[in-house]
Every structure is written in C-alpha cells, then in structure tokens.
Amino acid sequence: MNFAKLIKLLLTTAVAGGLMAPGVAFAAAKGAKVILLTVTEECEYCALHQRAFKEVAAAAGINLEVKINNYDAAEQASQVDQAIAQKPDAIVLWPADASAIVPSLRKIKQAGIPLVITNSQPDEKYSQFWDVFTGPSDIGNGESAGEAMIKGFADKKLGSEGKVFIVEGVPGTPPQIQRSQGFEDVLGKKASGIQVAGKQNGNWDQTKATDAAAALFTQLGSDVKGVYAQADNMMSGVIVAAKRAGIDPASLVLVGSNCSIEGVNQINDGTQYATVLQSPIDDGKYAAQAVADLLDGKKVEKQIFLPHEIITKANVADCNAALGR
Amino acid sequence: MAAIRKSRTISGATLLRLALLAALVVAFAIWNPAFISGRNLYALMQSFALLGMVALGLSLTMIAGEFDLSVGSMVAVGGLITLVVGAGNLVQGMAAALAFAVLVGLVNAIVISRFKVSSLVVSVGSMMALSGFAFWLAGGKVISTDNFDLGMALDDPLLTVLSWRSLVTLAAFLLVGLFMHYTLMGRDIRVVGSKPQVAAASGARVGRSLVIVFVISAVTAALAGSLLSMSLASAAATTGSTLMLQAVSAAIVGGVALTGGSGTPAHVLLGSLILTVMNNGLSLIGMAATGILFANGLVLMGIVLLDGQLGAWMSERLAMSRAANSA
C-alpha cells in the first residue's frame, strides 16, 4: 500500500513538474485566475499598491482575487494553504513576515504554482521557491537616503562632521535591516565624518516614532544634525519630537522615505529636507506586469527593482506624479 | 434505566450546534466546490490545530468557573522559547517551553487558590508579565530559524487533509476528554465550577482542580505556540494576540458556559470546528478580513441568544418524543 502511494506520488510530481517546465506557461494571462495575498489596506502605500496591481491585472484580462492578512504571519500561512486549494494559475504574495513565509513558499513551489513575490524579498538563499521578485531594493533605498543626507549636510552648510540617528521600521524585517545597512554603507564610504549615533524602532508608526525620536534627542542632545526615518510617516513623529525638544526641524537634515503625503507636505513646508521615492504604484504595477508576463510565457528577470530617486524641494513634484496625485 | 438513557442523549443545544456546523459545510460546498477539496480541508484542519489547542486548555478553566486571560501571551512565549532555547535542537526548545508553561500554570493556580484572588486578576497579571517576557526573549526582533525540517514534517499532509500538527490537537482533545469523563478529578473540576461552596463542603479537591486546569491551559497554549513556531520557522512577541478571544468564542459557541460547571472537550471541539469552518469558508468565497470578524461576532451572539430559547424548546420536544415512544 505504501509503495503504491509512493509510486502515485512520484508520478503526480513528475507530471506536475513536466507541465510546469521553466519558461513555459499553460495559461495565458487573459482569463487566468491569480490570487494576490497582501498585507493590509490600512496604509496608504499598501492601498495604492493594491489599486495599481488591480488596474494592470484587469488590463491584462486577469481574474483576480485578493486576500488580506493584516500583517499576521500565521493567517497568511493559512491563506497560502487555501490559495493552493483553489488551484490558481499564479500567486502573487506580499510577505507579512519575510522569514515566516518561507515554509509557505515551499508549499507553493511543490504545488507547481507560478509565484511572484512583491515588496518584501525573503532571504535570497531561498530564491528557488519563487519565480520573480518585484519591488524595492531596500539596500538601494537606504543608499539613496545616505546620499540625500550627505547632500543635505552640504546644502545646509553643516560641515563634514556630525551625529545623526535612524528611526527604523519593524525590527528584524528586511526593509528595516537593509535600509539602515545601505544608509550606513554610503556614509561610511563617502562621508565618514557623519556618524550614526543611535537607532530606535518606530515600527512604521508615527506615534511610536515620536517616542523613539524623543528618546534619541534626549540622549544625543544638540549634537544631532540629521535624522533618517525609514518612512515619511515616521518622520512626522520625528518632527513632533524635535519641536518638543526645542529643536527647529528645518535646522536638521531630515531624510524620510516612500514619498508619503506627510513627506511631501513636510518637504514643501521646509521642515523635511528629503525623501526617497519608492512608488507604491510602480510597486503594484511591476508585480502585476511580472505575473502577466509569466503567464504569457515571456522571459522575466528573477529580480525587478524599483528606482529609488532622491526627492528634495526642487523635484518634489515627482512624488505626486509617482503616486498619482 | 430511564435516567441513564436520558443522561446519554445529546442535548438540544448540542443538536443545534451540530446542525449549524452541517449547514455551514453544505452551504460553503455549494457556494464554492473547492471548499471540500482535499487541500482546502487540509488548510481548515491546520487552522483548527492552532485554535482548537488553545481553546481546549482555556475552556477547562472556564468549566472550573475560572478564566485564564494569559493564553495568548503564552502562545507567543511558547514559540519564542522553542526557537531561542532550541536554536540547535527544536525538540529541546519545545520541552523547555512546556516546562516553563507548567511552572506558570502552577503559579497561577497557587495564587488563585491559596490567596483567594480572582483568576481574572491573576491571569491579567500573567498576561502582562508573559507579554513583557516575550518582548525580552525576542530582543526587539522576529526570531527565525533555518531548521525547516521538523516544521515541514509537522505540516506535510497525511491522508490528504490531516497533518501531524492537526493530529496532535485531535489527540489532545481525546486525552483531555477521557480525563474529564472517566476520572474523579474531571468530575471535581465540573463540581468546582458549578457550585463552589458545595464543592468545598463535599470534599471536592478545589486546589488540585485549579492546578490541573491552569497547568493544562498554559501547556496547551505553549504547545500551540511551539508547533506554530516550527511551522513558520519564525516567532514574534505579538504572535497569538488575537487567539484568546477566538478561543473564548470557540468555547462559548461550542456550549461551555462562562459561569462554569458545564461543557466538555467535545463541546469545545464542536465550537472550534464551527469557527474554523466559518472562517475558512468565508475567506474562500472572498469575504474581507473585516467581514469575517463581523460574522464571528454575529454567530457568537446568535448562539448565546438561541441557547436560552431554541435550545430549551428543542430539549422539550425531544423529551416529549421520548415520552411518546416509551408509552
């Protein structure tokens, strides 16, 4: 009995493997069923990403279903099991947690379903489990922020030395780790006098970021010349903390990320110096285009990164264009 | 003979719940045939494995007339201890997590029974302490492991719809069910829950009953967290934050009373399956997460309202039917 089951399993696997030969798709994008497993609709970036994804998918004739997990890794694992049960032509997945998703990626691979990962790339050593990653390069994002910090020091004539701190996203996640890494690498190579003197978690949340920045302003005092917040909504919190500490935000080099509406408004006001453009519309579009191309049997690169343009007051209009405002 | 026969018949309230479960399965299967596919039933049982395990332990404290608010935090701690202590050997990590849970359960029970403090107050304290401990263990980040083998073995499908994880939960229900049904201690736990003063006077072992229910509650929560951390190869301090409410809902939906003294593991199994089937089915037909939460609330309220009315009516009809047959 076990031997018969084993034979059946092997034959099934062989057939599935054959049907899913690399570069060959048996379902064109038009009419294909695709399931998008995404994190939330409650952040602006996430909502814009999803909307852009839906538009490109609809234009390609894709029959789309969306499932949201509110950043709950266990819920997303359950949704993956259910999505596999629905036998879609492809899955697009925004990991709630880029580590916890790996066992689920393996299941999708075993089921022979084409997979596009969007926004948060799991560790590349597991890249055999997905077909395409599209989204930001968080290293690149951090590097752009580092460049902006250096430029800001020059523009505001703050000299070549001084302390800055970083307000980070959820700890242990790739965006948090890699943005800081990119930022510090650039400063280390090009402006070694600018020191990262502190880091605190803002968890992508303005309120949490206010507390984090307040602690660092207290700790570092008047030595602070700049702040890198890994997201613009957290920079809003930094600005509140700076004002409470009696520091004029405009006297600091404040660099955010994502071109959120908060960032755009703050740059126009002159309180924030710069942000890094990471377009949620491009993020969503790239993922939808990748899955459509995959289903149409086209050659698709393994990694497709978003551009990470530095935005200051001079080109802040690019933000509005990129976010469809 | 008549009395014995009566005590073994299914109550009207339970029939109502069985009918609800059957109706849900039929409705979802008609709405989307993928609901009864092997893979989806597997997904359903995986969700049941997590919720059912936590609900089973928590419900024992409810049957004993108490409440353990700390189960959600214990899920997180169980997962984190498994990965932190078990960095090199996950089984050792799990053993450490379960040993810690026994200790926490003992402390909770001793404080409640010896110092006569309300279990709500004690377990709120435990919840906060465990939550702080979870954040300390996590060190401000998500703990992950590259050791996927055990988690994958736990999750690989067995007989298409089961896995070792769901079998562990089913086995736990069986063991606790046998314990509650066939042991004097099981009887004592129900007596303690229904009539505290009578229990004390008649010699029911109150202190020991509380130790058992709070230790089982902590251990099942830690075990659920431990198995989940292996499955996800990851653990976080916020894991399980919504599980306590879901577990309470499962117990009440299944027929365990908040006032204590009534309900069995079979009722909790039924309640857990109802919620899991409903959540899975609603997700499958495309309902948003917010809609699913709303539906959970409606079902819970509906069950509680009907229990007093329709359940009693059904019991009365069944009694009349039995009387007619025996005439």
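The shown structure was predicted, so the numbers you read here are calculated from the model rather than taken from an experiment.

Rules and cut-offs
Residues numbered from 1 in each chain as written. Chains lettered and ligands numbered in written order. Predicted model: local features only at pLDDT ≥ 70, side-chain atom pairs only at ≥ 80, totals over all residues. Heavy atoms only, no water. Helix = DSSP H or I, 4+ residues; strand = E, 2+ residues; numbered from the N terminus. Buried < 20%, exposed > 50% of the residue type's maximum accessible area, 1.4 Å probe, protein only. Areas by Shrake-Rupley, 256 points an atom, 1.4 Å probe, with all protein chains shown as cover. Pairing = 2+ DSSP bridges. Axes fitted to C-alpha atoms, helices over the stretch in contact; angles between N-to-C directions. Contact = heavy atoms within 4.5 Å. Buried area = accessible area lost by both parts, 1.4 Å probe. Salt bridge = Lys/Arg side-chain N within 4 Å of Asp/Glu carboxyl O. Core = buried A, V, L, I, M, F, W, Y, C linked by side-chain atoms within 4.5 Å.

Trainee: An account of the overall build of chain B is needed here, citing residue identities and associated values.
Mentor: When helices and strands are tallied, chain B shows 14 helices and 2 strands. Split into buried and exposed, the 327 residues of chain B put 49% on the buried side. When the accessible surface of chain B is summed, it comes to about 14600 Å², and 71% of that surface belongs to carbon and sulfur atoms.

Trainee: Describe the sheet that holds strand β2 (residues 63-68) of chain A, with residues and values.
Mentor: Residues and elements named next belong to chain A. Spatial strand order, β2-β1-β3-β4-β5-β11: 6 strands in an open sheet with parallel pairing. Whereas interior strands pair on both sides, the edge strands pair on one side only; in this sheet they are β2 and β11 (303-305). Put simply, the sheet's adjacent strands are angled 15° from each other on average, direction ignored. Across 6 bridges, the pairing between strand β1 (residues 33-38) and β2 is parallel. In the strand pairing of β2, L36 is matched with V66. Helix α10 (residues 280-295) contacts β1, β3 (90-93), β4 (115-118), β5 (132-135) and β11 of the sheet and is inclined by roughly 155° relative to β5.

Trainee: How would you sum up the interface of chain A and chain B? Please name residues and give values.
Mentor: In this assembly, 26 residues from chain A lie in contact with 28 residues from chain B. Summed over both sides, the interface between chain A and chain B buries roughly 2100 Å², with carbon and sulfur atoms accounting for 54% of that surface. Inspection of the region where chain A meets chain B yields 1 salt bridge. Among the salt bridges present, the one from D81 of chain A reaches R39 of chain B, with a minimum N-O distance of 3.4 Å.

Trainee: Give me the environment of A250 of chain A: which residues, what numbers.
Mentor: Positionally, A250 of chain A belongs in the loop between α8 (232-244) and β9 (253-255). Residues contacting A250 of chain A, with those up to four places away along its chain left out, are K156, G270 and T271 of chain A.

Trainee: Explain the pairing of β3 of chain A to me, and be specific about the residues and the numbers.
Mentor: All names here are of chain A. Burial along β3 is two-sided: the residues A90 and V92 and I91 and L93 are all buried. Across 4 bridges, β1 lies against β3 in parallel orientation. Looking at β3, one finds that I35 is bridged to I91.

Trainee: Run through the sheet that holds β9 of chain A, naming residues and quoting values.
Mentor: All names here are of chain A. A sheet is described by the order of its strands in space; here 4 strands give the open sequence β7-β6-β8-β9, paired in parallel fashion. Here the strands that pair on one side only, and so sit at the sheet edges, are β7 (194-201) and β9. Taking the axes of each pair of neighbouring strands and ignoring which way they run, one obtains an average angle of 20° across the sheet. Pairing geometry for strand β8 (residues 224-229) and β9, over 3 bridges, is parallel. Paired with Y228 across the two strands is V255, which belongs to β9. Along the sheet, α8 makes contact with β6 (162-168), β8 and β9, crossing β8 at roughly 150°.

Trainee: How would you summarise the nonpolar core if you had to cite specific residues and measurements?
Mentor: The tendency in soluble globular proteins is for nonpolar side chains to be buried as a group. The biggest cluster of nonpolar side chains holds 89 residues, and the ones touching the most others in it are M74 and L80 of chain B. The element best represented in this core is helix α3 (residues 38-63) of chain B, accounting for 13 residues. Apart from residues lying up to four places away in sequence, M74 of chain B is in contact with F100, A101, V104, L130, A218, A221 and A222 of chain B. Judged by nonpolar contacts, the second largest core, of 21 residues, contains I35, I84, V102 and L115 of chain A.

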